[in-house]
Structure formats: structure tokens, C-alpha cells
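Reading the structure
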Amino acid sequence: MTLNQYYYCCSGIVKREVFRFFQQRSRLFSALVRPLLWLIVFAAGFRAALGVSIMEPYGTYITYQEYIIPGLCCMIVLFNGMQSSLSMVYDREMGSMKVLLMSPLSMPFLLCCKLIAIALLSLMQVYVFLLCAQLVDVDISILGYLTAAPAVFVIAFFLGALGLLLSSLIKQLENFAGVMNFVIFPMFFLSSALYPLWKMQEASIWLYWICQYNPFTYCVELLRFALFGQLNLTALTVVLSVTVITAVLALISFSPKFSKQR
Amino acid sequence: MGIVTNSLSFAYGKKKALNNVNLSLATGFNVLLGPNGAGKSTLFSLLTGLTQSVHGTIQINNIDLNTKKSQIMSEMGVVFQQSTLDLDLSVKQNLFYYASLHGIAPKKALENIDDILAQLSLTERLDDKVRTLNGGHRRRVEIARVVIHQPEVLLLDEATVGLDVDSRLLIISYVRDLCAERDICVLWTTHLMDEVKPSDQLIVINKGEIQAQDQSSKLCEEHKVDDIYQLYFALTHNTEAV
């Protein structure tokens, strides 16, 4: 196999995911409506109750809307990762997964291409959301827009790999509803997406520790700093580490040894 | 050239699906005949590497499937019993996607596609969504897809089941012509007797075991029967076939 062949394969997988995404217009719509509702309705209501004091990386007091922007961006990436996972389960049920598995190119490469596609779609949705967020007076600098891109990409890789891992474990489409209850909601709510960890600590110490060990917290913090043109090295290290671990597990779960019949 | 399996066995838990299957298929049109649940789809799954065999070996074009799967996949085309097309994409997008998975440039793929679609009377449907096609056309798209990369081994699992007569005839004659023109190895799985020709290599499988394997006319002579239906009944004692 030549380098060109790898390129054609990767571009084919990415194009397919993009085509499918735009075919399903409701997916794009709901991807934007969900975080916008949180930003406009939920955050507006909590704005008065939850003023956020000075904390890193913010140099001054900020509004609650500004605080939850990184969390909502990560929410978009999380939902997109799980949606891709759902589409993998659908592909397996409909049989089209076999086409991917019959490729002469290696499985790690194919899954990596899938992750690139997921990450690109996440990136696009996050940027559309950030542009919409300008309407509610959330200001992000040009530098913030630029530095957010690699952060979103890394986070999307992690959450995409998690989605792939879940898709290999979920055998039927009907069982996917459980992902909402057992993965998406706990990951999102038990993180620093909606409240700073020190607020969690004030409320409950054990909740605080759960949030501390939730990798999604580090995704949110990585993006929070990136939107301010800063690098949170701890968050990056954690996110990169869990990405590698999850991707390896996803890869193992897709090998024929671990799936007798797809 | 062809497919060789040695002592191939497979079980789903305690239920044996294949038992000591020894196959030797050369280039040409090979028909695998067997009733539902005989083990045909399991054999397909093993031959395509989607399921890994625990007992026995599989060689395709003299290459061991477990050690050089990637090389084999580049020389193999498979049509599964269940449709594997992406319904939300157009015919063209489906074909390009498949070509890209085999590392074929879009320009080169287009050259191949034009020719193949013309032979399968599908040229006018190129930009249509697969969802809008009927069963016969969808099957043709699947056939078109698996020959884009010009495989040397073609596996088709009940490719004509549930189709109208025209589509069945077109598909089977296309595959037969392709087999003769390119001298490739075709494994055609079916339970439809009328698809078997006297000159075809016939393999009859039942309850996970190979019952007979030879040229179909020779097998009829050997078992002193007049036609494939009688041969099939004699070997499997199954009356489901039509």
C-alpha cells in the first residue's frame, strides 16, 4: 500500500461522514439547539444565582454564560462522539460495517480515519456554536478561536474513541438509550462544565472527588484555557493519556478475536 | 489460485456451525448449495476474515488468511446476504466510498465505475440515493461495488435471493461472464437449484459438513440422479429448496 492509497482511504471515510452528517439535517439542528438552550435559557436563569468569582484562566469576574461556554462546547463534542458511536451500531446492524472491515488497510488506520472524521465534524459544530454565542455577549478573542481548534480536536479524539469503544460493546441499537443515562449525563454533570470544582467542594466533598477523577473535567478545562489562548498542561496530559488508553481499547474491541460475529 | 480450507471447524458456543470443512476451489464458477442453517454464512464469515477460525486453516490464492489478511482483502470482493449499502448516500457516493477503502483514487474509480454500471444497466441511477432504488437495483449496485478493485476472488452469499427474474438473470449472467473473462474464482452461495449449471463446480453443505464436492454433472452421475434438485435432496434430505 502506498501513501497515496492511505490518503484516498482517509479522505473517503471523512467524506462519507460529512455527507451523512449533512444528509441528516436534524442532527446539525439538534447539535446546535441543545447547547444554545443551555446557554440562553439555563444560564440566564442561573446567572444571578451563580456569579463566578475570579479564577483561572479568567482575569476578572465573569458571567455565568461565559463560564459554561467551554462546558457546552465539550457537550457538543460529547454528543457528536456518542452520535458517531450510534451510527457505528446502526452500521453494524444494517451490515455496512462489513464494508469497512473488509478493507485491505489496517484496522488501526481505519479507526483513526473515523476519529479524524468525528473530530472534524465536532470542530465545525463547535465553531458554529461559538459564533452563535456571540449573540449573548460572550466574547472570545481571535487568538482564543485559533487555540481552541487543537484543543477541540484532541477532546473529539478522546470522546470519539470512547464512542467507538461503546459501539463495539453495544450489540443492539435499542440498548443505546443506556448510553445517555450511564455515559453522557454522568460525564457531563459530574464535571466542571456547569460549576467550578470549588463550588462542588463546598457542596459535597465526594462529588468533588468524582469530578476530579472524571476525564471530561479535564476536557472542559483544556478548552477553557485554550479559549483564553492558554495551555493547561495538566488537562492536556490527562486528555492525551485517556485518549491513548481509550483508542487502544477500542482497537482491541474491534479485532475479530473479540467480536465473533458482526 | 483459489480457495483452500483445511479441517475448518467453528462453533457458536456449544452449537457447532462447521465441522471439519475441507474445500478446494479453483478459478471458475463454484456453487455452494445448502439449506438454511447449513453453515453457508458462517463459512462466508470465516472466508472473509470477519470471524476468526479457531480450528483449521484458510488459504486464498495460496496466502494464509490469518497471517496476510490485508493482502487477501485487496484481491477479494464480497457480496453479503444482507445489504451493506449506505442508504443515505447516492449510488456514486457508495461506490466512491468503497473504492477509497481499497485505496483507489476517485479518478481511477470513476473510469472503472462507468464501465461496470453500463454492463449492469445502472448508469442512469448514478446520482440517485440508494434508498430510492428497488431491491434488484440495490443488489446490482452491490455487485458493481465489489468489482471496482478488480478482485481475483469473488464471494457472493445468496446474491439473488428475493429478486425479480430480470435482476436475477442479469446478475448471474454478469458474474458468469466476469468469471470467464477474467478467469477469477467465484464462490456463489445459493439455495436456488436453477442457478446451477452442469459445468459448475458444486459443493453441497448440510449441518455444517460438506456432503459432496465436484462438477455438478459428475455428481449427478455419481449419485444416479437426473437433476440438481434430486441430487440436493439425496444429499441433504431437505425439501426447502426451490
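Just so it is clear, the model here is predicted, and its values are computed rather than measured.

Some details on the nonpolar core
With 151 residues, the main nonpolar core has Cys 74, Ile 155 and Leu 223 of chain A as its most contacted residues. It is helix H3 (residues 64–94) of chain A that contributes the most residues to this core, 15 residues altogether. Taken domain by domain, the makeup of this core includes at least three residues from each of domain 1 (1–75 + 153–159 + 180–242) and domain 2 (83–150) of chain B. Leaving out residues up to four positions away in the same chain, Ile 155 of chain A has contacts with Cys 74, Val 77, Cys 219, Leu 222, Leu 223 and Val 239 of chain A.

A few points about the interface of chain B and chain A
The interface is formed by 28 residues belonging to chain B together with 27 residues belonging to chain A. A per-element tally of the side of chain B that touches chain A places helix H3 (residues 91–101) of chain B first, with 6 residues. Broken down by class, the residue content of the side of chain B that touches chain A amounts to 12 nonpolar, 14 polar and 2 charged.

A look at the domain arrangement of chain B
Along its sequence, chain B is organised into domain 1 (1–75 + 153–159 + 180–242) and domain 2 (83–150). Relative to domain 2 of chain B, the C-alpha centre of domain 1 of chain B lies at a distance of 27 Å.

With respect to the pairing of strand E7 (residues 153–157) of chain B
All names here are of chain B. Taken across its 5 residues, E7 has 5 buried, putting it largely inside the fold. A two-sided burial pattern is seen for E7, the buried positions comprising Val 153, Leu 155 and Asp 157 on one face and Leu 154 and Leu 156 on the other. Bridge count between strand E6 (residues 76–79) and E7: 4 bridges; the pairing is parallel. Across the sheet, Gly 77 pairs through a bridge with Leu 154, a residue of E7.

Points about the sheet that holds strand E1 (residues 3–12) of chain B
Residue and element names in this part refer to chain B. In spatial order, the strands read E2-E1-E4-E5; together these 4 strands make up an open sheet with antiparallel pairing. Strands at the two margins of the open sheet, each flanked by one partner only, are strand E2 (15–25) and strand E5 (63–64). Note: strand E4 (residues 55–60) against E5, 2 bridges, orientation antiparallel. Residue pairing in the sheet places Ile 60 in a bridge with Ile 63 of E5.

Looking at the packing of helix H5 (residues 107–133) of chain A against helix H6 (residues 142–169) of chain A
Residue and element names in this part refer to chain A. Running from N to C, H5 and H6 point in directions that differ by 130 degrees, and their axes come no closer than 8 Å. As judged from the angle between their axes, H5 and H6 are oblique. For the pair H5 and H6, the sense of crossing is right-handed. Two secondary-structure elements touch here, H5 through Leu 111, Lys 114, Leu 115, Ile 118, Ala 119, Ser 122, Leu 123 and Val 126 and H6 through Ala 149, Val 152, Phe 153, Ala 156, Phe 157, Gly 160, Ala 161 and Leu 164. Here the residues of the contact of H5 with H6 sort into 13 nonpolar, 2 polar and 1 charged.

Focus on helix H1 (residues 40–47) of chain B
Residues and elements named next belong to chain B. Buried residues dominate H1, accounting for 8 of its 8 residues. Residues of H1 that are buried include every one of Lys 40, Ser 41, Thr 42, Leu 43, Phe 44, Ser 45, Leu 46 and Leu 47, and no others. Within two residues after H1, Gly 49 carries a phi angle of roughly 80 degrees, on the positive side.

What about the environment of Ile 252 of chain A?
Note that Ile 252 of chain A resides in helix H11 (residues 233–254). Ile 252 of chain A sits 186 residues away from Glu 66 of chain A along the chain, and the two C-alpha atoms are 40 Å apart.

A short note on the confidence of the model for chain A
Residues with a pLDDT of 70 or more make up 92% of chain A, whose mean pLDDT is 85. Helix H10 (residues 215–226) of chain A holds the highest mean pLDDT among the elements of chain A, 95, whereas helix H2 (residues 25–47) of chain A holds the lowest, 81.

Topic: the environment of Gly 95 of chain A
With respect to the element layout, Gly 95 of chain A can be found in the loop between H3 and helix H4 (97–101). When neighbours within four sequence positions are excluded, Gly 95 of chain A is seen to be in contact with Phe 80, Gln 82, Ser 83 and Thr 84 of chain B.

A look at H3 of chain B
Most of H3 of chain B is tucked away, with 10 of its 11 residues classed as buried. Inspection of H3 of chain B places Val 91, Gln 93, Asn 94, Leu 95, Phe 96, Tyr 97, Tyr 98, Ala 99, Ser 100 and Leu 101 of chain B among the buried residues, and these make up the whole buried set. The secondary structure elements touched by the buried residues of H3 of chain B are helix H1 (3–23) and H4 of chain A together with helix H4 (106–119) and helix H5 (135–146) of chain B. Remark: Gly 103 of chain B follows H3 of chain B within two positions and exhibits a positive phi of approximately 70 degrees.

Considering the sheet that holds E6 of chain B
All names here are of chain B. Taken together, 6 strands build an open sheet; the order of strands is E6-E7-E8-E3-E9-E10 and the sheet is mixed. At either margin of the open sheet sits one strand with a lone partner, and together these are E6 and strand E10 (209–215). Ignoring which end each strand starts from, the neighbouring axes of this sheet average 15 degrees apart. Against the sheet, H1 engages strand E3 (28–33), E7, strand E8 (185–190) and strand E9 (201–206), with an angle of about 150 degrees to E7. Here helix H8 (residues 228–236) sits on the sheet in contact with E3, E9 and E10, set at roughly 35 degrees to E9.

Overview of the pairing of E4 of chain B
Residues and elements named next belong to chain B. In the sheet, E1 pairs with E4 via 5 bridges, with the strands oriented antiparallel. Bridge pairing links Val 4 to Gln 59 in E4. Turn length for the E4-E5 hairpin, with the two strands adjacent in sequence and antiparallel, is 2 residues, and the turn residue Asn 61 shows positive phi of about 50 degrees.

With respect to the confidence of the model for chain B
Per-chain confidence: chain B averages 88 in pLDDT, with 98% of residues scoring 70 or above. In the model output, the complex is listed with pTM 0.84 alongside ipTM 0.82.

Brief notes about the packing of H5 of chain B against helix H6 (residues 165–182) of chain B
Residues and elements named next belong to chain B. Remark: H5 packs on H6, axes separated minimally by 10 Å, with the N-to-C direction vectors making an angle of 10 degrees. Between H5 and H6, the interaxial angle falls into the category roughly parallel. Across the interface between the two elements, Gly 136, Arg 139, Arg 140 and Ile 143 from H5 touch Ser 167, Ile 171, Tyr 174 and Val 175 from H6. Residue composition of the contact of H5 with H6, by class: 4 nonpolar, 2 polar and 2 charged.

Analysis parameters
Residues numbered from 1 in each chain as written. Chains lettered and ligands numbered in written order. Predicted model: local features only at pLDDT ≥ 70, side-chain atom pairs only at ≥ 80, totals over all residues. Core = buried A, V, L, I, M, F, W, Y, C linked by C-beta atoms within 7 Å. Buried ≥ 20, exposed ≤ 12 C-beta atoms within 10 Å, placed from the backbone. Helix = DSSP H or I, 4+ residues; strand = E, 2+ residues; numbered from the N terminus. Domains from an automatic or database assignment. Contact = placed C-beta atoms within 7 Å. Nonpolar A, V, L, I, M, F, W, Y, C, P; charged D, E, K, R; others polar. Pairing = 2+ DSSP bridges. Axes fitted to C-alpha atoms, helices over the stretch in contact; angles between N-to-C directions. Parallel < 35°, antiparallel > 145°, perpendicular 65-115°, else oblique. Left-handed = near helix turned anticlockwise from the far one by under 90°. pLDDT = per-residue confidence, 0-100.

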